[in-house]
Structure formats: structure tokens, C-alpha cells
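# Residue-level structure breakdown
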Amino acid sequence: MKRITLLILIFFAAVAISPMLINEKGYILIAMGDLTIESTVVTAGIMLTLLFIVLLLSLKIVRSSLRLGFGGWNKIAFANRRRGLKDLNRGIAAFILEDHQQAEHLLAKAAEPSNFPRTAYLMAAAASSKQSLPSNTNHYLGLLAQEEHTVKTSGLESILVTIKLLMLQDDFSKARTMIDEHHKHIGHDARLLSLEIELSLHEKRFDYVVEQLVAARKQKTITEAKISRWEASAFYGAFNDKIRKESTDALTQVWQKLARKLKQREAILFAYCQVLAENNITAPLNNILLPAIKKGAELQFLQNIRQLPIISADELISAVQKHLHHDQHSGKWLSCLANLAAQAQQYSMAEKAFNSLVNLDGVQYDTTDLKNFASVLEQQGEYQKANQVLNKMVAQTTANIKTSSQDQ
């Protein structure tokens, strides 16, 4: 560019100087209609040179201005988005650090500017839920509902979190709508299946949950403890509905039709026993519990029995007493006897058994035993002793919490 400019300047300089060297300035006449422009060659050369220089300078200025303009425009146009992304990242970090108040503020602020409104509103809703602020959570979920929520656009994980938040907000109808919209994924994703079971239990669709439990057991990511909890709730509800809407015979037929492996699962077995005990159906209940007690049941089985509201417990008490005749210092049988006697309102027998239990060497009782012991004492008007037992229960609970914290 410099070379071209230099050549042009030399050319015009030669044109200007040549007439002077020959004592002839030269003459230029330009006529355009009534307009005429007259000039010497030297003057025209100088003017054209100046014009060319001005054009070069103008072009350079314009190009520099454009570069500066685009850079400035870029900074202005995307500054808001950069701030939004910064707030989004800070909000996510605050959520991880469990600063939920700050997380909610930053995420709500970053939703629109960051161009990630779904992620921001979802996490803001989760943060407000952690703070037990239902109105805020509902607000963010409302904003979230305005965004497109398909598996393709937002991913199944986002939908799962939304459903879970709706259920935590007790907005079960919207949760049901979302699950039904993505029902085809239930058979392929254990997390969605879990939410479907939880929601169906709330909706009291117990027979449906019993069917879904077959699929749940095939999922390796769902724990046995969770399935047992679902089984207990689902079968208890199904059994209770059967006896309430139909009859005792209908309930018995349902139990007899169950597969043997289902009857052997304690969650299902004690759901059935719970319904029998609540309705004071003694014979079928004894047919299940007596053989197990006579054979010498495991501690967990006996602890489950003490939770049953068995009013007519004479046969069971007699079977437990036979075990105590052979071992008077057995903690598990003393606990079983005391709790059975308490449920049957045989308070004197229950008090003696509880006293023997708490005076054994070592701690062979738990907080449930102490709570029921205090209740027995209250029923007999022994309020001071009842308070002492309750204080002991509180002390044991505190000790258990400390031990658990140290283990963690």
C-alpha cells in the first residue's frame, strides 16, 4: 500500500512539475451543461493528491471505528449474559455448599440472562424447598411450567426433579400429569418407577402398586429396604381395602391366593397380621404367629409382633411364657411378653415383665420397650415412675444419636 501511494505521488508530482519545466503550466477545462470548471494542471494535480490523501485517511478512520464499534457492541450486547452465567455458577456453588438462601437468590436472578432458565428455576425451586418456603417453590415451579419440558429438550433428570419437587409441595395432581406424560419411560428408568410407586401409594392405588413391585424388584438400583417399605404400605392398603369393602372371607381368600414366596416376606406377612389384629380376627392371626413363636422366632420377628395391636393374646402369651420357663433372663422373650401383655391390657403382667427386662445385665431393651413401659405405668396411675422411664428413654435416645454421629 505504501509503495502504490508513493508511485501515485511521484506521478502527480511529475505531472505538476513537467509544465513548469517547459514554462507551460497547462490548462484544464471541464464543461457540464452550464457549469464550467477551469484549472491549471498543477492545481488539479495538487487537488487530486490532497483528495486521495483525505480518502485514505478517511478509510483508515472508518475501518478503525468499525473495529472499535463491533468490539464495543459485543461487550455491551453480551455483558448481561456474562453476568447471568456468573450468577448461575455462583448459585450452583452456593447450593452445593448448602447456602440455600444465597443459592435461591442467585439462581432466580440468573435464570433469564444466562439463557438457562430451566436449570436455574429448577435449582431455585430446590433451594427454596430446602428452606421450607412453599410459596417461593410454587412460584419457581410455575415459571418452570412455562418452559418446554420434554425429555429431548431438558433431559429426563430435569423432569424427575420437577416431579419430586411437586410431590414435596403436595401438588400431586400436577405430579401425576407429568408422570403420565412420560409414562413410557417408567419401564426403562428405575427413578421414574420409584416416583410412580410413591405417588400411587399416596393416591391409594394399592393393587396397582402391588403389580409395579414386580418390576421394582428387577431394578438393581432400588434397595431391598425401600422395596420392603413399599410392600408393607401397598399390601396393608390392599388387605385393608378388601376387608373394609368386602368381608373377612374375601381377605382370607386374597391371602391364600398369594404365592408362597410372597407370604414368607415379613413386610407382607406383618401387613396381613396388622389388618387381622386391627379387626380382632384372632384365629387366623394365631395360626400365623403361634408356630413361629413356638419354634423360637428371631429377634426381629418378635420386635415386629410387639407393634401389632393384639387384644386377644392369651395363646401367644402362653407360648412366650414357656420359653421364659427355660430362660428367665432372655431379653427378647421378656420384651415380647411385656409388649403382648400391654396390648392385651394385662398391665400387671406387663409391668412385671418390663421391670425384669430393664433390670437385666446389659441393655437388652430399646426405646420402644421404654415407651410402652411408661404407658403401662401411666395406665396404672404410677406417674412418677412413668416419668423416670421416659427420662431414661430420652437419655438412651441421646446416647444413640451421639454414637451414630461418631460412627459417621
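Placed above this text is the structure.
Residues numbered from 1 in each chain as written. Predicted model: local features only at pLDDT ≥ 70, side-chain atom pairs only at ≥ 80, totals over all residues. Heavy atoms only, no water.

## Overview of the nonpolar core
Inclusion rule: Only buried residues count toward a nonpolar core. Its members are Ala, Val, Leu, Ile, Met, Phe, Trp, Tyr and Cys residues joined through side-chain atoms within 4.5 Å. The cut-offs for exposure are 20% and 50% of the maximum accessible area for each residue type, with area from a 1.4 Å probe on protein chains only; residues under the lower value are buried, those over the upper are exposed, and the others partly exposed. For helices the rule is a DSSP run of H or I covering at least 4 residues; for strands it is a run of E covering at least 2, with both sets numbered from the N terminus onward. Two residues form a contact once any of their heavy atoms are found within 4.5 Å.
In this structure, Ile163, Phe239, Leu289, Ile305, Ile310 and Leu340 are the most contacted members of the largest nonpolar core, which totals 104 residues. Examining the composition of this core, we find that 9 residues originate from one element, helix α14 (residues 266-278), more than from any other. Excluding anything up to four places from it in sequence, Ile305 contacts Phe270, Leu289, Ile293, Ile310 and Leu340.

## What to know about the packing of aromatic side chains
For clarity, the threshold we go by: Centre distance within 6.5 Å is the pairing criterion for rings of Phe, Tyr and Trp, where only the six-membered ring of Trp is used; planes under 30 degrees apart are then read as stacked, over 60 as edge-to-face, and the remainder as tilted.
With the rule as written, the count across this model stands at 6 aromatic pairs. Ring geometry for Phe235 against Phe239: centres 5.8 Å apart, planes inclined by 45°, an arrangement best described as tilted. Of this pair, Phe235 and Phe239 both sit in helix α11 (residues 224-245), separated by 4 residues, roughly a single helical turn. You can call Phe235 buried: its relative accessible area is 5%.

## Quick notes on the packing of helix α12 (residues 248-257) against α14
The cut-off we apply is this: Orientation is described by lines fitted to C-alpha atoms, with helices fitted over the stretch in contact, and by angles between N-to-C directions that extend from 0 to 180 degrees. Should an angle fall under 35 degrees it is called roughly parallel, over 145 degrees roughly antiparallel, and 65 to 115 degrees roughly perpendicular, with every other angle called oblique. Note on residue categories: nonpolar means Ala, Val, Leu, Ile, Met, Phe, Trp, Tyr, Cys or Pro, charged means Asp, Glu, Lys or Arg, and polar means any other residue, Gly included.
Here α12 crosses α14 at 170°, and the two axes come no closer than 12 Å. Considering their axes alone, α12 and α14 lie roughly antiparallel with respect to each other. Across the interface between the two elements, Leu251, Thr252 and Trp255 of α12 pack against Ile268, Leu269, Tyr272, Val275 and Leu276 of α14. Of the residues in the contact of α12 with α14, the class split is 7 nonpolar, 1 polar and no charged.

## Some points on the environment of Ala225
Among the structural elements, Ala225 can be located in helix α11. Taking the C-alpha atoms as reference points, Ala225 and Ala267, separated by 42 residues in sequence, lie 10.0 Å from one another.

## Here's the deal with unusual backbone geometry
Note on backbone geometry: most residues besides glycine have negative phi, and most peptide bonds are trans. Phi at Lys204 is positive, roughly 65°, even though this residue is not glycine. Its location among the elements puts Lys204 in the loop between α9 (190-202) and α10 (206-216). Taking relative accessible area as the criterion, Lys204 reaches 59% and is therefore assigned exposed. Unusually for a residue other than glycine, Gln345 sits at a positive phi of about 65°. Within the secondary structure, Gln345 sits in the loop between α18 (331-343) and α19 (347-358).

## Some points on the environment of Gln169
Residue placement: Gln169 occurs in the loop between α7 (156-168) and α8 (172-181). Taking the relative accessible area as the measure of exposure, Gln169 reaches 17% and is therefore buried. Residues Gln169 and Ser132, 37 residues apart in the sequence, show an inter-C-alpha distance of 9.6 Å. Those residues in contact with Gln169 that lie beyond four places of it in its chain are Pro134, Thr137, Asn138 and Leu141.

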